[in-house]
Amino acid sequence: MDKILILKGNIIFTRTADRFEVYQDSYIVSVDGKVEGIYKVLPEKYINCTVDDYGGRLIIPGFVDLHLHAAQFLQCGIGMTKQLLEWLNDYTFNLEKEFQNVEFAKEVYTKFADKLVANGTLRACIFASSSTKGTEVLFEILKEKGIGAYIGKVNMDRNAPDFMIETTEESIKGTEYLIEKYKDEKLVKPIITPRFAPTSTDELLEKLGELAKKYVLPVQSHLSENIDEINWVRELYPDSNHYSDVYNKHLLFGQTPTVMAHAIYLEKDEIELVKRNSVTLVHCPDSNINVRSGIMPLRKYLNIGLSIGLGSDIAGGHKIALNEAIVRTIQLSKLLSMDQPEYEPLSVSESFYLGTKGGGTFFGKTGSFEEGYFFDALVIEDNSIIADRYGLEDRLERFLYVGDDRNICARYVEGNKLK
Ligand SMILES: [Zn+2]
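How would you sum up the overall build of the protein chain? Please name residues and give values.
A count of helices and strands for the protein chain gives 13 helices and 15 strands. For the protein chain, whose C-alpha radius of gyration is 21 Å, the value lies close to the compact-globule estimate of 22 Å for 419 residues. Once the C-alpha set of the protein chain is aligned to its principal axes, its extents read approximately 65 × 50 × 40 Å. Put simply, of all contacts in the protein chain between residues at least 6 apart along the chain, 74% involve residues at least 24 apart.

This is the structure in structure tokens:
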């Protein structure tokens, strides 16, 4: 028997980045967790099915966050006057080491997961910490929540404080343990996660590349975020052509599906490699500003046709809510265009697309309501922000700019309503 779910309301999403698809006062039908169709009048065959009638509310795809650090959740909004490398040393490593304590991990990751889901992120690519036990806790908590996620135990075997570093063997062993345990999960799966090139030896990267290949697992890491970091990579890897080449040489750059966060200062050759290897880049606007990394030339990358999603990048970013990242993306693109008029600012539909279908593509068919897409949806109640005199696109824009978790009244992942 097929599992049929029918919602009624004002349906709005992006099939392409240039415009919204708007279905006023319509029905959206999900069969076995996938969108079957959108109808103004319900077809005869569904006439006896129950309808969740959301009246005048908005029904939109769930948000997709392609880059965030669960183990930095407590640090959101702290140390925001530091630059990246200083910030990591002064704050982040000291916090991440606590996740070796399972009780601490449970407490913080529960708060993290509650906040993530409350804010409508239904798919996410997440860095945990280097603790295998702590990362296992995060897997269990997110499984319970019912959202889709890739979770990575963070691999580091050099250039971090002693209390954070594992030997190469320990790091690989812990990673493989988690892969074996969670590789067949439906929604919450492992992802290979070298923190970034500077905290990895050649040997670690090589072994991680082998694991990605052996288990056909996706990869996530950081790329070209900050000038000091790039210079450091050049010193550490003198034989590599550029930053991207370090990962590419070790089969960690698109040989399996790969997301790379930041990618602000890519050289011409790197951009070509990103495109050729179909690597997905993650724009993290809040973190670009907070740790003063620089601004990703997003419009330039979009014009070239690179695949891009958005990341809250907590705690480089200070807000976990992805609607904030969608807004900041637009704002940063305006700022960039003032200096460089050839980069046209992003429209609301373009930025919304990046935060839904753009990132969602990394999880297969998610982030849109086209036929065959997983039915991942949010129901938005916006009476409290007095928007009823406006059209649906205006109301969505208003929710993105001034709304928050209190406006999200229901969440669905693959046709299941979350508790
Ligand atoms: Zn990050």
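Explain the coordination of the zinc ion to me, and be specific about the residues and the numbers.
Four donors placed tetrahedrally around a metal ideally meet at 109.5 degrees, and six donors placed octahedrally ideally meet at 90 or 180 degrees. Binding of the zinc ion to the protein goes through H67 (NE2), H69 (NE2), H222 (NE2) and D313 (OD), at separations of 2.1 to 2.8 Å. Coordination at the zinc ion comes from 4 donor atoms whose angles at the metal span 80 to 169°, giving a geometry best classed as irregular. Every donor residue of the zinc ion comes from the same chain, spaced as H-x1-H-x152-H-x90-D. Taken together, the residues H67 in strand 5 (residues 63–69) and D313 in the loop between strand 12 (307–310) and helix 11 (322–339) connect sequence positions 246 residues apart.

Please provide a residue-by-residue account of helix 4 (residues 168–182), values included.
The end-to-end C-alpha separation of helix 4 is 21 Å, in line with the 21 Å expected for 15 residues at 1.5 Å each. Within helix 4, burial applies to T168, S171, I172, G174, T175, L178, I179 and Y182. In an axial view of helix 4, the angular spread of the buried residues amounts to 165°, which keeps them on one side of the axis. Residues of helix 4 that are buried in the fold lie against helix 3 (132–145), strand 8 (188–190) and helix 5 (202–215).

Could you give an account of the sheet that holds strand 9 (residues 219–223), naming the residues involved and the relevant values?
Spatial ordering of the open sheet is given by 9-10-11-12, a layout of 4 strands whose pairing is parallel. Both edges of this open sheet fall to strand 9 and strand 12, since each of them pairs with a single strand only. Averaged over neighbouring strand pairs, the angle between their axes works out to 30° when direction is ignored. In this structure, strand 10 (residues 258–262) lies alongside strand 11 (residues 280–283), joined through 3 bridges in parallel fashion. Of the residues in strand 11, the one forming a bridge with V259 is T280.

Residue-level account of the packing of aromatic side chains, with values.
Aromatic ring pairs are reported here in terms of the distance separating the ring centres and the angle at which the planes meet. Tallied over the full model, the rule gives 14 aromatic pairs. With 6.1 Å between their ring centres and 5° between their planes, F13 and Y23 make a pair best called stacked. Residue F13 is found in strand 1 (residues 4–16), and its partner Y23 is found in strand 2 (residues 19–31); the two are separated by 10 residues along the sequence. A residue is classified by how much of its surface remains accessible, and F13, at 1% relative accessible area, is buried. When the centroid spacing of 5.8 Å and the interplanar angle of 75° are considered together, the rings of Y150 and F362 count as edge-to-face. You can see Y150 sitting in strand 7 (residues 148–152) and its partner F362 sitting in the loop between helix 12 (348–360) and strand 13 (377–380), a full 212 residues away along the chain. The pair formed by Y150 and F362 is uniform in burial state, with each residue classed as buried. Ring pairing ties together the aromatic residues F13, Y23, F369, F375 and Y412, which thus form one cluster. The ring of F163 has K97 sitting right over it, with the charged end atom 5.1 Å from the ring centre.

Can you lay out unusual backbone geometry for me, pointing to particular residues and giving the numbers?
Look at the link from I314 to A315: it is a cis peptide, with omega at 10°. Look at L251: it is not a glycine, yet its phi comes out positive at around 60°. One non-glycine residue, E414, lies in the positive phi region at around 45°. Considering the arrangement of structural elements, one finds E414 in the loop between strand 14 (408–413) and strand 15 (416–417).

Account for the sheet that holds strand 8, with residues named and values stated.
Remark on secondary structure: sheet strands pair via backbone hydrogen bonds, oriented parallel or antiparallel. Spatial strand order, 5-6-7-8: 4 strands in an open sheet with parallel pairing. Either end of the sheet is taken by a strand with one partner, and the two such strands are strand 5 and strand 8. Strand-to-strand twist of the sheet, defined as the mean angle between neighbouring strand axes without regard to direction, takes the value 20°. As paired elements, strand 7 and strand 8 share 3 bridges and run parallel to each other. Looking at the pairing, A149 lines up with V188 of strand 8. Its contacts with the sheet place helix 2 (residues 102–118) against strand 5 and strand 6 (121–127), and it is angled at close to 140° to strand 6. Helix 11 contacts strand 5 and strand 6 of the sheet and is inclined by roughly 90° relative to strand 5.

Reading the values: rules and limits
- Counting starts from 1 at the beginning of each chain's written sequence and moves along it residue by residue.
- Selection of residues for local features in this predicted model requires a pLDDT of at least 70, selection of side-chain atom pairs for listing and counting requires 80 or more, and totals for whole chains, interfaces and linings are taken over all residues.
- Values shown for side chains rest on all heavy atoms present in the structure; no hydrogens or waters enter the calculation.
- Under the scheme used here, helices are H or I runs from DSSP no shorter than 4 residues and strands are E runs no shorter than 2 residues, and both carry numbers assigned from the N terminus.
- For the radius of gyration, the atom set is restricted to C-alpha positions; the globular benchmark scales as 2.2 Å times the number of residues to the power 0.38.
- By definition, residues are in contact when any of their heavy atoms lie within 4.5 Å.
- The donor definition counts N, O and S atoms within 2.8 Å of each metal and applies 3.2 Å to Na, K and Ca; water is not among these atoms, so some sites may look incomplete.
- Angle rules define the geometry names used: all angles between 85 and 135 degrees makes four donors tetrahedral, while opposite donors over 155 degrees apart and all other angles between 65 and 115 make four donors square planar and six octahedral, leaving every other case irregular.
- Multiplying 1.5 Å by the helix residue count minus one yields the expected span of that helix.
- We call a residue buried when its accessible area falls under 20% of the maximum for its residue type, exposed when it is over 50%, and partly exposed in between, using a 1.4 Å probe and counting protein chains only.
- Picture the helix axis, draw a direction to every C-beta atom, and the arc is the one those directions span.
- Pairing between strands requires that DSSP locate at least two bridges from one strand to the other.
- Axis lines are fitted through C-alpha atoms, for helices just across the contact stretch, and the angle between N-to-C directions can take any value from 0 to 180 degrees.
- Pairing of aromatic rings covers Phe, Tyr and Trp, the last counted by its six-membered ring, and requires centre-to-centre distances within 6.5 Å; plane angles under 30 degrees mean stacked, over 60 mean edge-to-face, and any other angle means tilted.
- Only Lys NZ and Arg CZ are tested; either one counts as a charge over a ring when it is within 6 Å of the ring centre and within 35 degrees of the ring normal.

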